[in-house]
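# Examination of the molecular architecture
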Amino acid sequence: MLIKYCDNYVLFDLETTGLSPETDEIVEISAIKVEKGEVIDEYSTLVNPGIHIPFFTSSVNGITDDMVKNAPSGKEALKGFISFIGDSVLAGHNIRNFDLKFIQRDAVRYFGKPITNEYVDTLMLAKRCLPKLESRSLQSLSAHYKISYEGAHRALADCYINKQVYDCLGKEMANPSADSKNQKVCPRCGNILRQRSGIYGDFWGCASYPECKYTRNIVK
């Protein structure tokens, strides 16, 4: 995971039948390709998940069983996505804990291996840049930066909203606030360190745990 602003990347978003990578399926994949900060291409497709889309999910994103019945299969849609991203750096909001889990699961399921692209998670950037913000959801960040949230919860619209948020976070990183500067940062992965408790007392641990297991003692 990268903790920085990139000029060239592919920002992507998924809509799914639910929140579990173990039992749910992708119903929409969208991505925008960015070069030198400008969008140059798009990839977007509905996906036939092969299972029923629950009413609650449809009520959030508007995607119904009828809409996806003639859509590409998960394998076809993911093949197109992998071709579109190439070896680009990926970006997205909360992709570390959500979207990438679906992508990696299906990459292994259909093609026998995970994707290995580097990625930037804008949720992690927001935690780094805006430590005092109460919520760092995409909606909350959009409100914070006065970005329109119209059309949200469809994957392509979320990509464009997220790009604007990422641009704003990039400016935050270039001119960090005092609060941001005062945060303790993991020297291995660049994420923030959080105070934790263990059997030998309190210590600093990386927020990327368990991917990054960096710790250090609290000096009193």
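Let us look at the overall build of the protein. For the protein, the helix and strand inventory stands at eight helices and eight strands. Rg of the C-alpha trace for the protein: 18 Å, near the compact-globule value of 17 Å for 220 residues, within the 12% margin. Referenced to the eigenvectors of the C-alpha coordinate spread, the extents of the protein come out at roughly 60 × 40 × 35 Å. Per-residue burial for the protein yields a buried fraction of 47% across its 220 residues. Counting only contacts in the protein whose residues sit at least 6 apart along the sequence, the fraction spanning at least 24 positions is 62%. On the protein, roughly 11,700 Å² of surface is accessible, and the fraction owed to carbon and sulfur atoms is 51%. One finds the centroid of the 27 positive side-chain charges in the protein at a distance of 10 Å from the centroid of its 27 negative side-chain charges.

So, about helix α4 (residues 99–111). Here α4 spans 18 Å end to end across 13 residues, near enough to the 18 Å set by a 1.5 Å rise per residue. Listing the buried residues of α4 in full gives Asp-99, Leu-100, Phe-102, Ile-103, Arg-105, Asp-106 and Ala-107. Turning to α4, the residues buried within the fold contact β1 (9–16), β2 (26–35), α3 (74–85), β4 (90–92) and β5 (119–121).

Generally speaking, a soluble globular protein has its nonpolar side chains buried in company with each other. Counting residues in hydrophobic clusters, the biggest one holds 26 residues, and the most contacted among them are Tyr-9, Val-120, Tyr-166 and Leu-169. For this core, the leading source of residues is helix α7 (residues 155–174), giving six residues. Aside from chain neighbours lying at most four places away, what touches Tyr-166 is Lys-4, Tyr-5, Cys-6, Tyr-9, Ala-91, Val-120, Thr-122 and Leu-125. Of all hydrophobic cores here, the second largest spans 22 residues; its members include Leu-90, Ile-95, Ile-103 and Tyr-119.

This part takes up the sheet that holds strand β8 (residues 215–217). Judged by pairing direction, the sheet is antiparallel, and its three strands sit side by side in the order β6-β7-β8 without closing on themselves. Unpaired on one side and paired on the other, β6 (193–198) and β8 mark the two borders of the sheet. Direction aside, the axes of adjacent strands within the sheet are offset by 35° on average. As judged from the six bridges shared by β6 and strand β7 (residues 201–206), these two strands associate in the antiparallel manner. Within β7, the position partnered with Leu-193 by the bridge is Cys-206.

In this section: the environment of Asp-41. Mapped onto the elements, Asp-41 comes out in strand β3 (residues 38–46). Asp-41 sits 39 residues away from Gly-80 along the chain, and the two C-alpha atoms are 13 Å apart. Setting aside residues up to four positions removed in sequence, Asp-41 forms contacts with Ala-31, Ile-32, Lys-33 and Phe-84.

Right, let's get into the pattern of salt bridges. For the coordinates displayed, the defined rule picks out eight salt bridges. A salt bridge links Asp-66 to Lys-69, with the nearest nitrogen and oxygen atoms 3.0 Å apart. Take Lys-69: its relative accessible area is 52%, and that puts it in the exposed class. A salt bridge links Asp-106 to Arg-105; its shortest N-O distance comes to 2.8 Å. Judged by its relative accessible area of 3%, Asp-106 is buried. Take Arg-105: its relative accessible area is 18%, and that puts it in the buried class. A cluster of three or more residues bridged by salt bridges with shared partners is formed by Glu-25, Arg-105, Asp-106 and Arg-109.

A separate point is the sheet that holds β2. Working definition: the strands of a sheet are paired by backbone hydrogen bonds and lie parallel or antiparallel to each other. As summarised here, the arrangement of the five strands in space is β3-β2-β1-β4-β5, forming an open sheet in which the pairing is mixed. Both outer strands of the open sheet, β3 and β5, are each paired with one neighbouring strand and no more. Each strand axis lies, on average, 20° off the axis of its neighbour in the sheet, ignoring direction. Here α7 sits on the sheet and contacts β1, β2, β3, β4 and β5; the angle it forms with β1, its principal contact strand, is near 135°.

Cut-offs applied
Residues numbered from 1 in each chain as written. Predicted model: local features only at pLDDT ≥ 70, side-chain atom pairs only at ≥ 80, totals over all residues. Heavy atoms only, no water. Helix = DSSP H or I, 4+ residues; strand = E, 2+ residues; numbered from the N terminus. Rg over C-alpha atoms; globule rule 2.2 N^0.38 Å. Buried < 20%, exposed > 50% of the residue type's maximum accessible area, 1.4 Å probe, protein only. Contact = heavy atoms within 4.5 Å. Areas by Shrake-Rupley, 256 points an atom, 1.4 Å probe, with all protein chains shown as cover. Lys, Arg positive; Asp, Glu negative; His and termini not counted. Charge placed at Lys NZ, Arg CZ, Asp CG, Glu CD. Expected span 1.5 Å × (residues − 1). Core = buried A, V, L, I, M, F, W, Y, C linked by side-chain atoms within 4.5 Å. Pairing = 2+ DSSP bridges. Axes fitted to C-alpha atoms, helices over the stretch in contact; angles between N-to-C directions. Salt bridge = Lys/Arg side-chain N within 4 Å of Asp/Glu carboxyl O.

Distances and angles like these do not, on their own, reveal function.
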